[in-house]
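In case you want the letters, here they are:
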Amino acid sequence: MTSIVDASSLSEPAVIVTRMFDASRNLVWSAITDPKHVAHWYGGPGFTSPVCEMDVKPGGIWRHIMQAPNGAQFAINSVFLEVVEPERLVWKTIKDENRKPPPPTAVNTVTLEEQGAQTKWTLVARFDSISDRDISAGMGFGKMIGMGADRLAEHLATM
């Protein structure tokens, strides 16, 4: 199964990505909150994570550098707003003023729902406006998150 990405709402400035994982909720939680695991799956095919530091607590910082297959690096910094282990994780991306223009930011909420031996993962990225959502979608935000979730499924099989 692959990820399902929806950025089509006419009234909500959100991108929603869902995926079922053949793993327990506790295992998925570990894979999305432990930087050594996140560094293995975050981003699309061919991307690496030379830096992934996470202080998973409300007010804690997530510092992440993604490297594209062509060597370009992108810094993504976030602050955790809510942590409810093992079912809900909320963080806000911090605007990167070094990029011109800076990409839109979002409040991202991941929920993990146990469904027998599987876990349903839902990410809702809420942007400030539909325009910001559409800019992010045009930059490949939903597609990249979906590919990262697919890579997460592969990583979970090795844990």
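Since we're looking at a predicted model, the values are computed, not measured. (Residues numbered from 1 in each chain as written. Predicted model: local features only at pLDDT ≥ 70, side-chain atom pairs only at ≥ 80, totals over all residues. Heavy atoms only, no water.)

**So, the environment of Val51**
Put simply, the test is: For the purposes of this entry, the term helix denotes a DSSP run of H or I that reaches at least four residues, the term strand denotes a run of E that reaches at least two, and both are numbered from the N terminus. Contacts are assigned to residue pairs that have any heavy atoms within 4.5 Å of one another.
Among the secondary structure elements, Val51 is positioned in strand E3 (residues 48-54). Between the C-alpha atom of Val51 and that of Pro35, which follows or precedes it by 16 residues, the distance is 8.9 Å. Each residue touching Val51, except ones within four places of it in the same chain, is listed here: Arg63, His64 and Ile65.

**Points about the sheet that holds strand E8 (residues 118-127)**
The following threshold applies: Think of it this way: DSSP has to see at least two bridges between two strands before they count as a pair. Angles run from 0 to 180 degrees between N-to-C directions of axes, and those axes are lines fitted to C-alpha atoms, restricted for helices to the stretch in contact.
On the basis of which strands lie adjacent, the open sheet formed by eight strands has the order E1-E2-E8-E7-E6-E5-E4-E3 and antiparallel pairing. Two strands bound the open sheet, and with one partner strand each, they are strand E1 (4-6) and E3. Strand-to-strand, the axes of this sheet are offset by a mean angle of 20°, without reference to chain direction. Bridging between E3 and strand E4 (residues 61-67) involves five bridges; their strand directions are antiparallel. Looking at the pairing, Cys52 lines up with His64 of E4. Here helix H1 (residues 25-33) sits on the sheet in contact with strand E2 (14-21), E3, strand E5 (73-84), strand E6 (88-93), strand E7 (106-115) and E8, set at roughly 155° to E7.

**Observations regarding the pattern of salt bridges**
Opposite charge on two side chains permits pairing when their charged atoms draw close. Keep this limit in mind: When a carboxyl oxygen of Asp or Glu lies within 4 Å of a side-chain nitrogen of Lys or Arg, that pair is called a salt bridge.
Tallied over the entire structure, the rule returns eight salt bridges. The partner of Glu82 in a salt bridge is Arg88, with the nearest N and O atoms 3.0 Å apart.

**Concerning the packing of aromatic side chains**
Applied cut-off: Stacked, tilted and edge-to-face pairs are distinguished by plane angle, under 30 degrees for stacked and over 60 for edge-to-face with tilted covering the rest, among Phe, Tyr and Trp rings (Trp via its six-membered ring) whose centres lie within 6.5 Å. Three labels apply to residues, based on accessible area from a 1.4 Å probe with only protein chains included: buried if under 20% of the type maximum, exposed if over 50%, partly exposed otherwise in between.
The full count for this structure, using the stated rule, is six aromatic pairs. Measuring from ring centre to ring centre gives 5.7 Å for Trp41 and Tyr42, while their planes differ by 55°; the resulting arrangement is tilted. Each member of the pair Trp41 and Tyr42 is classed as buried.

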